[in-house]
Amino acid sequence: PGWEAIVKGNLIRLFSLLCTDYTLILHSSSQEAKEKVLLYELERYIRLHRGDVTAGKLEEVFHYHRNYFNLVLKKYRGIGFQEYVQKLRIEYACELLSAANISVRQIAAMVGYTNNSFFHHLFQKYVGVSPGEYRRRNSQGSFD
């Protein structure tokens, strides 16, 4: 009993690994085209792993030096790796604050910040209000 669920689960795991753990192969002679493909894959990976992505992990996955990621992001997005990740994390925190019934401390941890004060500082910098004030303005009920 239950063998169908086990087979289905193993297939899902296999397909997940096949879809995410591959080496980026670029077949274009244009440097700009290569950079844009890398940018797309880089942004996709960062969005999927925004809570725990590091420059070291990107080096391991994409086989480029961390400075190159920073260069590509600055060239096409106008901001470096660290700022790009912070922006994505704060955007996700805004989504969670508006919809989820969990504390600000838990949201900070979910988006990748173990230091609650640092999270509050960044949130205030990017959004202009504290996380608590953002929640009061953008949600139906009170969660904290």
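What counts as what
Residues numbered from 1 in each chain as written. Predicted model: local features only at pLDDT ≥ 70, side-chain atom pairs only at ≥ 80, totals over all residues. Heavy atoms only, no water. Patch = residues over 30% accessible without salt bridge, like charges linked within 9 Å, V, L, I, M, F, W, Y side chains within 5 Å. Areas by Shrake-Rupley, 256 points an atom, 1.4 Å probe, with all protein chains shown as cover. Salt bridge = Lys/Arg side-chain N within 4 Å of Asp/Glu carboxyl O. Helix = DSSP H or I, 4+ residues; strand = E, 2+ residues; numbered from the N terminus. Buried < 20%, exposed > 50% of the residue type's maximum accessible area, 1.4 Å probe, protein only. Contact = heavy atoms within 4.5 Å. Expected span 1.5 Å × (residues − 1). Arc of directions from axis to C-beta.

Engineer: Can you help me understand a nonpolar patch on the surface in this one?
Structural biologist: A cluster of nonpolar residues, Trp-3, Val-7, Leu-11, Leu-14, Phe-15 and Leu-18, forms a patch on the protein surface that exposes about 630 Å² of accessible area. With respect to the helices and strands, Trp-3 occurs in helix H1 (residues 3-20). Taking the relative accessible area as the measure of exposure, Trp-3 reaches 57% and is therefore exposed.

Engineer: It is not clear to me how the pattern of salt bridges should be interpreted in this structure. Could you clarify?
Structural biologist: As enumerated under the stated definition, the model contains eight salt bridges in all. Lys-36 is the salt-bridge partner of Glu-32, the closest N and O atoms lying 3.2 Å from each other. Of this pair, Glu-32 and Lys-36 both sit in helix H2 (residues 31-48), four residues apart, which is roughly one turn of that helix. The exposure class assigned to Glu-32 is partly exposed, which follows from its relative accessible area of 42%. With a relative accessible area of 44%, Lys-36 lands in the partly exposed category. The closest approach of N and O atoms between Lys-87 and Glu-91, which form a salt bridge, is 3.6 Å. Pair noted here: Lys-87 and Glu-91 are both in helix H5 (residues 81-99), with a separation of four residues, about one helical turn. Exposure remark for Glu-91: the relative accessible area of 34% places this residue in the partly exposed category. A cluster of three or more residues bridged by salt bridges with shared partners is formed by Glu-133, Arg-136 and Arg-137.

Engineer: Sorry if this is basic, but what is going on with the environment of Phe-69 here?
Structural biologist: Relative to the assigned elements, Phe-69 resides in helix H4 (residues 66-77). A residue is classified by how much of its surface remains accessible, and Phe-69, at 1% relative accessible area, is buried. For the pair Phe-69 and Leu-38, spaced 31 residues apart in sequence, the C-alpha separation works out to 8.7 Å. With near-sequence residues (within four places) excluded, Phe-69 lies in contact with Leu-38, Leu-42, Leu-58, Glu-59, Phe-62 and Tyr-64.

Engineer: Any chance you could explain H5 here in plain terms?
Structural biologist: At 3.6 residues per turn, the α-helix brings residues three or four places apart onto the same side. Here H5 spans 27 Å end to end across 19 residues, near enough to the 27 Å set by a 1.5 Å rise per residue. Considered for burial, the residues of H5 that qualify are Phe-81, Tyr-84, Val-85, Gln-86, Leu-88, Arg-89, Ile-90, Ala-93, Cys-94, Leu-96 and Leu-97. Those residues of H5 that are buried lie in contact with H2, helix H3 (55-62), H4, helix H6 (104-110), helix H7 (116-127) and helix H8 (131-138).

Engineer: Sorry, what's going on with H8 here?
Structural biologist: Every buried residue belonging to H8 is among Pro-131, Gly-132, Tyr-134 and Arg-135, and all of these are buried. The buried residues of H8 all sit within an arc of 160° when viewed along its axis, so they share a single face. Opposite the buried face of H8, at more than 90 degrees from it, the exposed residues are Arg-136 and Arg-137. Elements in contact with the buried residues of H8: H5, H6 and H7.

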